[in-house]
Amino acid sequence: GESVGLHLPTLSVQEGDNSIINCAYSNSASDYFIWYKQESGKGPQFIIDIRSNMDKRQGQRVTVLLNKTVKHLSLQIAATQPGDSAVYFCAETYNDYKLSFGAGTTVTVRA
Amino acid sequence: DAGITQSPRHKVTETGTPVTLRCHQTENHRYMYWYRQDPGHGLRLIHYSYGVKDTDKGEVSDGYSVSRSKTEDFLLTLESATSSQTSVYFCAISESAGRSYEQYFGPGTRLTVT
């Protein structure tokens, strides 16, 4: 699989490999985090969320990891498919209905 | 995008003209938001609403106003459009139940100010 240790704006992944998208969040008090996927020409779509009392949460082909010590969030996509090509955003909030979004990572899947 | 529509989907307007974008939801969600999305900036909150006639500013509210006269509609007005307001605008909704802060997004409105 391919991974990035720091947040990078783009990630190129071979189809079938695992991908890891990283996000550094800013507020140490944030207690809720979301990953969104945005395909070209569409609005962001919810992928998975995690609360600060958890370190890991799994969904269908996706896993989110939370490291509160270093304020780091990652999204792992297993067996990346062409349909996973999109921009991925992390978002955070602290007990508030306003989310703060990261700049996003563009994932391109190579056939 | 289910349950959230935005109109118009595309608009070209001239500098100095007023523009109103509409967000309509059928989910009866309490919270509604307007964001703008620009390259390199991700999504930035313009204004949000936490109930009918209850609104508040986000991080980039200058030059924008909003109104919410009923639960299902949230209007964003550019009082006098400028070229810097050329952007893609997204509406989002969320509900307060269960301490879930997930927001659902509409399809977006692409606005070009010439």
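Chemist: Would you explain the confidence of the model for chain A in this entry?
Modeler: Low-pLDDT portions of the prediction should not be read for the details of their coordinates. Chain-level pLDDT for chain A is 90 on average; 93% of the residues reach the 70-or-more range. Predicted confidence is poor over residues 1–6 of chain A, with pLDDT under 50, and the contacts of this stretch with residues over four places away or in other chains come to 17 contacts.

Chemist: Would you mind going over the interface of chain B and chain A with me for this structure?
Modeler: Between chain B and chain A, the contact holds 23 residues from the first and 21 residues from the second. Where chain B meets chain A, there are zero salt bridges. On inspection of chain B and its partner chain A, the count reaches two residue pairs in polar contact (both at pLDDT 80 or more). At the level of secondary structure, the elements contributing two or more residues to the side of chain B that touches chain A comprise β4 (31–38), β5 (42–51) and β9 (87–94) of chain B.

Chemist: Honestly, the nonpolar core in this entry has me stumped. Any pointers?
Modeler: Where a protein is soluble and globular, its nonpolar side chains tend to be buried together. Residues and elements named next belong to chain A. Counting residues in hydrophobic clusters, the biggest one holds 20 residues, and the most contacted among them are Ile21, Trp35, Leu73, Leu75, Tyr88 and Val107. Sorting the residues of this core by element identifies β1 (10–14), β2 (19–24), β3 (32–38), β4 (45–51), β6 (62–67), β7 (72–77), β8 (86–93) and β10 (105–110) as the ones contributing at least two each. The residues touching Ile21, leaving out its near neighbours within four places in the chain, are Leu11, Trp35, Leu73, Ser74, Leu75, Ile77, Tyr88, Thr105 and Val107.

Chemist: Looking at this structure, I do not really get the packing of aromatic side chains. What am I missing?
Modeler: The relative placement of two aromatic rings is captured by the distance of their centres and the angle of their planes. Residue and element names in this part refer to chain A. Across all of its chains, the model carries ten aromatic pairs over all chains by this definition. Measuring from centroid to centroid gives 5.7 Å for Tyr36 and Phe101, while their planes differ by 45 degrees, and the two rings are tilted. One end of the pair, Tyr36, is in strand β3; the other, Phe101, is in strand β9 (residues 100–101), and 65 residues separate them in sequence. Per residue, the accessibility class of Tyr36 equals that of Phe101, and both read buried.

Chemist: Looking at this structure, how should I read the state of the cysteines?
Modeler: Here, the word disulfide means a covalent bond between the sulfur atoms of two cysteines. Residues and elements named next belong to chain B. Summed over all chains, the structure comprises two disulfides over all chains. With a sulfur-sulfur separation of 1.9 Å, Cys23 is cross-linked through a disulfide to Cys91. On the sign convention where negative means left-handed, the S-S torsion of about -70 degrees between Cys23 and Cys91 marks this disulfide as left-handed. Of this pair, Cys23 sits in strand β3 (residues 19–25) while Cys91 sits in strand β9, and the two are 68 residues apart along the sequence. An identical accessibility class is assigned to Cys23 and Cys91; each is buried.

Chemist: How do you make sense of the sheet that holds strand β1 (residues 4–7) of chain B when you look at a structure like this?
Modeler: The strands making up a sheet associate through backbone hydrogen bonding, with each pair oriented either parallel or antiparallel. Residues and elements named next belong to chain B. Strand order in the open sheet formed by four strands is β1-β3-β8-β7, with antiparallel pairing between adjacent strands. With one partner strand each, in any of the chains shown, β1 and β7 (64–70) form the two edges of the open sheet. Across the sheet, the mean angle separating the axes of adjacent strands is 20 degrees when strand polarity is ignored. Here four bridges tie β1 to β3, and the two strands are oriented antiparallel to one another.

So, how was this worked out
Residues numbered from 1 in each chain as written. Chains lettered and ligands numbered in written order. Predicted model: local features only at pLDDT ≥ 70, side-chain atom pairs only at ≥ 80, totals over all residues. Heavy atoms only, no water. pLDDT = per-residue confidence, 0-100. Contact = heavy atoms within 4.5 Å. Salt bridge = Lys/Arg side-chain N within 4 Å of Asp/Glu carboxyl O. Polar contact = N/O pair within 3.5 Å; in protein donor to acceptor, adjacent residues only side chain to side chain. Helix = DSSP H or I, 4+ residues; strand = E, 2+ residues; numbered from the N terminus. Core = buried A, V, L, I, M, F, W, Y, C linked by side-chain atoms within 4.5 Å. Buried < 20%, exposed > 50% of the residue type's maximum accessible area, 1.4 Å probe, protein only. Phe/Tyr/Trp six-rings, centres within 6.5 Å; stacked < 30°, edge-to-face > 60°. Disulfide = S-S within 2.5 Å. Pairing = 2+ DSSP bridges. Axes fitted to C-alpha atoms, helices over the stretch in contact; angles between N-to-C directions.

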